[in-house]
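# A closer look at the structure
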Amino acid sequence: TNVFAIDLGYVHLLSPEEIARGVDAGTVLLSDKIRKTYHLTVTTHDLRKYLPDLYWGSYFGKPYVEMFGRDLLGSAPVHQAKWFSEDGVFLQLSESPEDFLIDYEKMEARREAVKVHLGKDAFFMENAPPDMTYRVPKFIFG
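In this report, we go over the structure that sits alongside the text.

Rules used in this analysis
Residues numbered from 1 in each chain as written. Predicted model: local features only at pLDDT ≥ 70, side-chain atom pairs only at ≥ 80, totals over all residues. Heavy atoms only, no water. Pairing = 2+ DSSP bridges. Helix = DSSP H or I, 4+ residues; strand = E, 2+ residues; numbered from the N terminus. 1 Å grid on protein atoms, 1.4 Å probe; cavity = no way out; pocket = protein on both sides within 12 Å on 5 of 7 lines; lining within 4 Å. Points joined across faces, edges and corners; volume = space filled by probe spheres on them. Nonpolar A, V, L, I, M, F, W, Y, C, P; charged D, E, K, R; others polar. Expected span 1.5 Å × (residues − 1). Buried < 20%, exposed > 50% of the residue type's maximum accessible area, 1.4 Å probe, protein only. Arc of directions from axis to C-beta. Contact = heavy atoms within 4.5 Å. Axes fitted to C-alpha atoms, helices over the stretch in contact; angles between N-to-C directions. Patch = residues over 30% accessible without salt bridge, like charges linked within 9 Å, V, L, I, M, F, W, Y side chains within 5 Å. Areas by Shrake-Rupley, 256 points an atom, 1.4 Å probe, with all protein chains shown as cover. Salt bridge = Lys/Arg side-chain N within 4 Å of Asp/Glu carboxyl O. Core = buried A, V, L, I, M, F, W, Y, C linked by side-chain atoms within 4.5 Å.

## So, the pairing of strand E2 (residues 28–32)
Sheet topology places E2 next to strand E3 (residues 37–40); four bridges connect them, and they run antiparallel. Its bridge partner lying in E3, Asp32 is registered against Thr37. Counted along the chain from E2 to the antiparallel partner E3, the turn is four residues long, and its residue Lys36 has a positive phi close to 55°.

## Notes on empty space enclosed by the protein
The final tally for this structure, using the stated rule, is one cavity of 30 Å³ or more. Taken as a whole, the largest cavity holds about 70 Å³ of empty space. Taken together, His12, Leu14, Glu18, Arg21, Gly22, Ala25, Thr27, Val28, Leu40, Pro52, Asp53 and Tyr55 make up the full set of residues lining the largest cavity. In terms of residue count, helix H1 (residues 16–25) provides more of the lining of the largest cavity than any other element does, four residues in total. Each residue belonging to the lining of the largest cavity can be placed in one class, and the counts come to six nonpolar, three polar and three charged.

## A word on helix H6 (residues 104–118)
The first and last C-alpha atoms of H6 sit 21 Å apart over 15 residues, in line with the 21 Å expected at 1.5 Å per residue. All of the buried residues along H6 are Tyr104, Met107, Glu108, Arg111, Val114, Lys115 and Leu118. The buried residues of H6 occupy an angular sector of 125° when projected down its axis, which confines them to one face. Projecting away from the buried face of H6 at angles above 90 degrees are the exposed residues Glu105 and Val116. Buried residues along H6 sit in contact with H1, helix H3 (62–68), helix H4 (70–74), strand E6 (88–92) and helix H5 (99–102). Phi for Gly119, located one or two positions after H6, is positive at around 115°.

## Considering the layout of surface pockets
Roughly 270 Å³ of internal volume is contained in the second largest pocket. Around the second largest pocket sit 14 residues that line it, and Arg21, Lys115, Phe124, Met125 and Glu126 are the ones nearest its centre. Those elements that place two or more of their residues in the lining of the second largest pocket are H1 and H6. Top element by residues in the lining of the second largest pocket is H1. It accounts for four residues. Among the residues making up the lining of the second largest pocket, the classes are represented as six nonpolar, no polar and eight charged.

## Points about the sheet that holds strand E4 (residues 57–60)
Spatial ordering of the open sheet is given by E1-E4-E6-E5, a layout of four strands whose pairing is antiparallel. Edge positions in the sheet fall to strand E1 (8–11) and strand E5 (80–85), since each of these pairs with one other strand and no more. With direction set aside, neighbouring strand axes in the sheet form an average angle of 15°.

## Quick look at a nonpolar patch on the surface
Together, Val23, Leu30 and Tyr38 make up a nonpolar patch on the protein surface, roughly 240 Å² of accessible area in all. Along the chain, Tyr38 falls in strand E3. The exposure class assigned to Tyr38 is partly exposed, which follows from its relative accessible area of 33%.

## Regarding the nonpolar core
The biggest cluster of nonpolar side chains holds 31 residues, and the ones touching the most others in it are Leu51, Phe60, Tyr64, Phe68, Leu73, Leu91 and Leu93. Of all the elements in the fold, those that place two or more residues in this core are E4, H3, E6 and H6. Leaving out residues up to four positions away in the same chain, Leu91 has contacts with Trp56, Gly57, Ser58, Phe60, Leu73, Ala76, Val78, Gln80, Ala81 and Leu118.

Structural measurements only, silent on function.
Set out below in structure tokens:
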């Protein structure tokens with residue numbers, strides 16, 4: 001029996017481009033003004049509106065498996081898709097999160113291809129109209 005379930009998890013490296021991108025989306029915040037360090041935070045409030053982004057490693061739990069479908073998630077153009085159960089898959093964009101530092105353009109192109117594959121209407125769009133309706137899963141809390 002599961003004590004708790006994970007709806008979304010992520011592993012990511014904040015390159016300078018990723019910091020600017022995340023600040024625009026409201027998910028990257030300044031941690032320390034003196035050291036100029038940042039942190040990535042995705043909240044339930046964000047997820048009720050949209051997926052803020054696709055990260056180097058993104059774990060999609062049951063609500064997202066139901067929304068996207070197993071076939072679509074399993075066939076995503078990623079380095080690796082690893083199923084942990086019927087209800088959760090980890091999508092890994094490349095071999096290493098440092099790839100965002102080494103070749104940002106290539107990683108951005110791969111991320112964009114995965115978003116197109118899954119459906120861009122589920123992900124935050126910087127220039128979306130204010131009345132944009134995103135596709136989000138049905139979350140069950142409690």
